[in-house]
Amino acid sequence: MAVNQEQLKEYALKYGITLKEKMLSDFEVYGEMLKEWNGKINLTAIVDDEGITVKHFIDSLLLLDAVSVPHGAKIVDVGTGAGFPGVPIKIVRPDVNLTLMDSLNKRLVFLESLCGSLNISVEKVHGRAEDMGRQGTLYRGAFDVATARAVTDMRELSEYCLPLLKKGGFFAALKGFEIEEELEQAKKAISILGGKIEGIKKYTLPDGGKRSIVCVKKISQTPTKYPRPFAKIAKSPLK
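Residues numbered from 1 in each chain as written. Predicted model: local features only at pLDDT ≥ 70, side-chain atom pairs only at ≥ 80, totals over all residues. Heavy atoms only, no water.

Engineer: Before we go on, may I ask you to explain the pairing of strand β2 (residues 97–102) in this structure?
Structural biologist: Judged by how many residues are buried, β2 sits mostly within the fold: five of six residues are covered. Where strand β1 (residues 74–78) and β2 come together, five bridges link them in parallel fashion. Paired with V78 across the bridge in β2 is M101. Handedness of the β1-helix α5 (residues 86–92)-β2 crossover: right-handed. When β2 meets strand β3 (residues 123–126), the two strands line up parallel, connected through four bridges. Bridging from a neighbouring strand, T99 pairs with E123 of β3. With helix α6 (residues 105–118) bridging β2 and the parallel β3, this β-α-β connection has right-handed handedness. (Buried < 20%, exposed > 50% of the residue type's maximum accessible area, 1.4 Å probe, protein only. Helix = DSSP H or I, 4+ residues; strand = E, 2+ residues; numbered from the N terminus. Pairing = 2+ DSSP bridges. Right-handed = clockwise from strand over helix to strand, strands pointing away.)

Engineer: Help me understand the environment of K239 in this model?
Structural biologist: With respect to the secondary-structure elements, K239 resides in the segment after α11 (230–235). Counting along the chain gives 203 residues from K239 to E36, while the straight-line C-alpha distance between them is 42 Å. The residues contacting K239, other than those within four sequence positions of it, are R155 and K188. (Contact = heavy atoms within 4.5 Å.)

Engineer: Before we go on, may I ask you to explain the sheet that holds β1 in this structure?
Structural biologist: Paired through backbone hydrogen bonds, the strands of a sheet run either parallel or antiparallel to each other. Strand order in this open sheet of seven strands is β3-β2-β1-β4-β5-β7-β6, and the pairing throughout is mixed. Either end of the sheet is taken by a strand with one partner, and the two such strands are β3 and β6 (195–204). Adjacent strand axes in the sheet meet at a mean angle of 20 degrees when their direction is disregarded. Across the sheet, helix α9 (residues 154–161) touches β1, β4 (143–149), β5 (165–175) and β7 (210–218), and the angle it forms with β5 is around 145 degrees. Helix α10 (residues 180–192) rests against β5, β6 and β7 of the sheet, and its axis sits at about 155 degrees to β6. (Axes fitted to C-alpha atoms, helices over the stretch in contact; angles between N-to-C directions.)

Engineer: I tried to follow the packing of helix α1 (residues 5–14) against helix α2 (residues 21–38) on my own but got confused; where do I start?
Structural biologist: For any two helices packed against each other, the geometry comes down to the angle between their axes and how far apart the axes lie. At their nearest, the axes of α1 and α2 sit 10 Å apart, and the two run at 115 degrees to each other. Of the two elements, α1 crosses α2, and the hand of that crossing is right-handed. Across the interface between the two elements, Q5, L8 and K9 of α1 pack against L24, S25, F27 and E28 of α2. The class makeup of the residues in the contact of α1 with α2 is three nonpolar, two polar and two charged. (Left-handed = near helix turned anticlockwise from the far one by under 90°. Nonpolar A, V, L, I, M, F, W, Y, C, P; charged D, E, K, R; others polar.)

Engineer: What's the story with the pattern of salt bridges in this structure? I'm lost.
Structural biologist: Oppositely charged side chains can pair when the atoms bearing their charge come close. Following the criterion strictly, the structure yields 16 salt bridges and no others. Linking R149 and D59 is a salt bridge whose minimum nitrogen-to-oxygen distance equals 2.9 Å. Linking R149 in strand β4 with D59 in helix α3 (residues 49–61), this pair joins segments that are 90 residues apart in sequence. An identical accessibility class is assigned to R149 and D59; each is buried. Between D102 and R107 there is a salt bridge, with its nearest N and O atoms 2.9 Å apart. For D102, a relative accessible area of 2% puts it in the buried group. Put simply, D59, R149 and R211 are held in one network by salt bridges that share partners. (Salt bridge = Lys/Arg side-chain N within 4 Å of Asp/Glu carboxyl O.)

Here is the structure:
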């Protein structure tokens, strides 16, 4: 058993999240499949039961406390990896329309199997966010919420995520606890891309780990020259 359901339920309640029986059983299936598939493809370095419960599931669900997600919202999880934070959010909020985006197809193969086992419907996109963000109205300006978990620096991450958002939408970046200096350096880039920093929410996880969630509101359209190709973003982050 990868997930202690009672413990997960208790942990989630501390952050104001009520997990029903079906949700708890879904998380148990998720944990078991994560461990099973991790033996075949590298999905995560965290494979102990407590770590999966806290560092993956609870950590992902904090987004629902940090951002007010409208009913039926379109959410894109950029660089989703093994499905975090998108799939845990979909388990708890089945009303949302979730798109999982990743550049490695083998991760999407895992997610296809996982979502089939959980009987949840999500869109899976094999590609890079900066390429998807240039694809007209298919993905550019299409989402209410964009999220990513510790993928890269906020300047680069903003260029990947903000073009995907509708005006009025939110970008929620799940980052480490000490984020202030990185965010200060990213302020100009966020502004150029049409965003405005709304705030930082800080959390202590049940195992004592620390987490920040940075909330950025999309207040104007992203200029058409962004996002730039991956090599340019990596070589010359906006500043």
